[in-house]
Structure formats: C-alpha cells, structure tokens
Amino acid sequence: MSAETPAAPGQFARRRLQFRAWRGTRPFWAGLFVMLGGLPIAYFPYAHLQVGHLTLAMATTAGAGSLIIGVLLVVLGFSLWFQKHVRTFAGVAAILLALVSIPVSNLGGFLIGFLLAMVGGALAVSWAPGAPPEPQALQDVAQGEGGAPAEAAPYEAAPHDSASYYAKPQEPAPYESADGTDEPNDLSGTSPVNNGANGRHSAG
C-alpha cells in the first residue's frame, strides 16, 4: 500500500458530495429519464436481431424519423441538466415526442423509450427549484444542533454601577438633640432663626 491510499476515500466522499449538491439544483432525474427514453427509440429501427442463422431487421420506413426523435430526446435531457430554466418547454417537448414515437418508431421503442420519455417529461414539468434557507434560520439550526447555548445579548451598563442605587431608599433618621428631645440641634451657626442661636459657633 502506498502512503496516498488513505486519502482516496476522503477525495471520493468530497466528489460525491459535490455531485449531490450539483444534482440537487437541477431536474437531474428528469433529464436522465428523457435521455434514456431517446436511446431505444433511436436504436431499435436500425437494430438487427440474430436468432440462430436468422437475422431479423426491425428497420421501418420511418427510420430517419425515429433517429431524429431519439436525438432530440437526448438533447432535451442534456438541456434539463445544464439549462434548467427551460425545464417546462423541455418537459412538454419530451412528452410530445414520446407520443409521436408510438406510430413512428416501433411503438415508441417497444414502449420502453415511450414510458421513459413520458416519465422524464412529467418530472421536468413538475420540478421546481427549492427556496434557499434564510441566514437567520441557518444560524438557529446550527446553534440548536451543536448544543451550545445561544449567544447572549451584549450587556448594557446601568446608569449607576452601584447596586445600592436600585435599593429601596431609606428615610433619614430624625435629628436628636443633646437633651434627648426631638427638636433639631443645628450648631452650624448659619441658621440663627431656627434654633435661636446668635450666629456664633458653639465653643463646645
């Protein structure tokens, strides 16, 4: 075994995921069925079956028409893959060509090509592109799947960081005089009217 062998499975998985993403953005199966339906329609009028020593030629007078129908179906199948905006036209055209192939090309390639082209055309007409997920929804899903809590909103600082600012205000205690009465004792000397002081500071 070489040293590059373990890298092969990873590369194959990456290619498979890329192909899956490409396939999901277009009517892949519709194009595949339409192309597969065109092959028997174009092949059987020119085929020769060998049964022992007997050769059976299934060629008809409309062999050229069968070839044209088969080639058109193959082209429509590729158009569904690489030009998905023409899916409605391509689907209707595939259904009409499948119906025309019944009288022209050996019952539509012995009903094999007819059925495949009809199914592919119906799938092409009914296919619709999916809506892309919203960015916000993707973010919510990613946070939910990972199990991590959602990011909290940024903290807005309060006008006052101190918790005492939000506490219930307390009423100031009443002033008590030196003799035990409830009359306020203002000795600042700036309010001679309230307590009868003479405007001088108390000496003690």
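What counts and how
Residues numbered from 1 in each chain as written. Predicted model: local features only at pLDDT ≥ 70, side-chain atom pairs only at ≥ 80, totals over all residues. Heavy atoms only, no water. Helix = DSSP H or I, 4+ residues; strand = E, 2+ residues; numbered from the N terminus. Buried < 20%, exposed > 50% of the residue type's maximum accessible area, 1.4 Å probe, protein only. Areas by Shrake-Rupley, 256 points an atom, 1.4 Å probe, with all protein chains shown as cover. Axes fitted to C-alpha atoms, helices over the stretch in contact; angles between N-to-C directions. Parallel < 35°, antiparallel > 145°, perpendicular 65-115°, else oblique. Left-handed = near helix turned anticlockwise from the far one by under 90°. Contact = heavy atoms within 4.5 Å. Phe/Tyr/Trp six-rings, centres within 6.5 Å; stacked < 30°, edge-to-face > 60°. Core = buried A, V, L, I, M, F, W, Y, C linked by side-chain atoms within 4.5 Å. Expected span 1.5 Å × (residues − 1). Arc of directions from axis to C-beta. Nonpolar A, V, L, I, M, F, W, Y, C, P; charged D, E, K, R; others polar. pLDDT = per-residue confidence, 0-100.

**Focus: the overall build of the chain**
Working step 1: The helix and strand inventory of the chain stands at eight helices and two strands.
Working step 2: For the chain, the α and β elements follow one another from N to C terminus as α-α-β-β-α-α-α-α-α-α.
Working step 3: In the chain, buried positions account for 22% of the 204 residues.
Working step 4: In the structure as shown, the chain presents an accessible area of about 15,000 Å², 65% of it carried by carbon and sulfur atoms.

**What about the packing of helix 3 (residues 63-82) against helix 4 (residues 87-104)?**
Working step 1: Axis separation between helix 3 and helix 4 bottoms out at 10 Å; the angle between their running directions is 160°. Classified by the angle between their axes, helix 3 and helix 4 sit roughly antiparallel to one another. Helix 3 and helix 4 meet at a crossing whose hand is left-handed. Within the contact between the two elements, helix 3 uses Gly65, Ser66, Ile69, Leu72, Leu73, Leu76 and Leu80 and helix 4 uses Arg87, Ala90, Ala93, Ala94, Leu97, Val100, Ser101 and Val104.

**A word on the packing of aromatic side chains**
Working step 1: Scanning the model with the defined rule gives 12 aromatic pairs in all.
Working step 2: Aromatic ring contacts, followed pair by pair, group Phe19, Trp22, Phe28, Trp29, Phe78, Trp81 and Phe82 into a single cluster.

**Focus on the nonpolar core**
Working step 1: Membership of the largest hydrophobic core comes to 15 residues, with the highest contact counts inside it found for Val34, Ile69, Leu73, Leu76, Leu80, Ala94 and Leu97.
Working step 2: Listed by contribution, the elements that provide at least two residues to this core are helix 2 (28-43), helix 3, helix 4 and helix 6 (112-126).
Working step 3: With five residues, the single largest contributor to this core is helix 4.
Working step 4: Residue contacts for isoleucine 69: discarding those within four places in its chain leaves Ile41, Leu97, Val100, Ser101 and Val104.

**A few points about helix 4**
Working step 1: When the terminal C-alpha atoms of helix 4 are compared, their 25 Å separation across 18 residues agrees well with the 26 Å that a helix rising 1.5 Å per residue should span.
Working step 2: For helix 4, the complete set of buried residues consists of Ala90, Gly91, Ala93, Ala94, Leu97, Ala98 and Ser101. Projection of helix 4 onto a plane perpendicular to its axis shows the buried side chains occupying an angular sector of 165°, all on one side. Seen from the buried face of helix 4, the exposed residues on the opposite side, beyond 90 degrees, are Phe89 and Pro103.
Working step 3: Those residues of helix 4 that are buried are in contact with helix 2, helix 3, helix 5 (106-110) and helix 6.
Working step 4: Two residues or fewer past helix 4, asparagine 106 is found with a positive phi of approximately 50°.

**What to know about the packing of helix 2 against helix 3**
Working step 1: Where helix 2 contacts helix 3, the two axes come as close as 7 Å, and the packing angle between them is 165°. Accordingly, the angle class assigned to the pair helix 2 and helix 3 is roughly antiparallel. Where helix 2 crosses over helix 3, the two elements pack in a sense that is left-handed. Residues Phe28, Ala30, Gly31, Leu32, Val34, Met35, Gly37, Gly38, Leu39, Ile41 and Ala42 of helix 2 lie in contact with helix 3, whose contacting residues are Ser66, Leu67, Ile69, Gly70, Leu73, Val74, Leu76, Gly77, Phe78, Leu80 and Trp81.
Working step 2: Partitioned by chemical class, the residues of the contact of helix 2 with helix 3 number 16 nonpolar, six polar and no charged.

**What about helix 3?**
Working step 1: A rise of 1.5 Å per residue sets the reference length of helix 3, with its 20 residues, at 28 Å; its end C-alpha atoms lie 29 Å apart and thus fit the reference within 8%.
Working step 2: Buried within helix 3 we find Gly63, Ser66, Ile69, Gly70, Leu73, Leu76, Gly77, Leu80 and Trp81. An end-on view of helix 3 places all buried positions within 150° of arc, on one side of the element. Those residues of helix 3 that are exposed and aimed more than 90 degrees away from the buried face are Ala64, Ile68 and Phe82.

**What about the confidence of the model for the chain?**
Working step 1: With 54% of its residues at a pLDDT of at least 70, the chain reaches an overall mean of 73.
Working step 2: Least confident of the elements in the chain is helix 8 (residues 192-195), whose mean pLDDT is 51; most confident is helix 6, at 94.

**Some remarks on the environment of leucine 76**
Working step 1: Residue position: leucine 76 is located in helix 3.
Working step 2: The buried category is assigned to leucine 76, whose relative accessible area is 11%.
Working step 3: The spacing of leucine 76 and glycine 121 is 45 residues in sequence and 9.5 Å in space, taken between C-alpha atoms.
Working step 4: Leave out the neighbours within four places in its chain, and leucine 76 touches Val34, Ala90, Ala93, Ala94 and Leu97.

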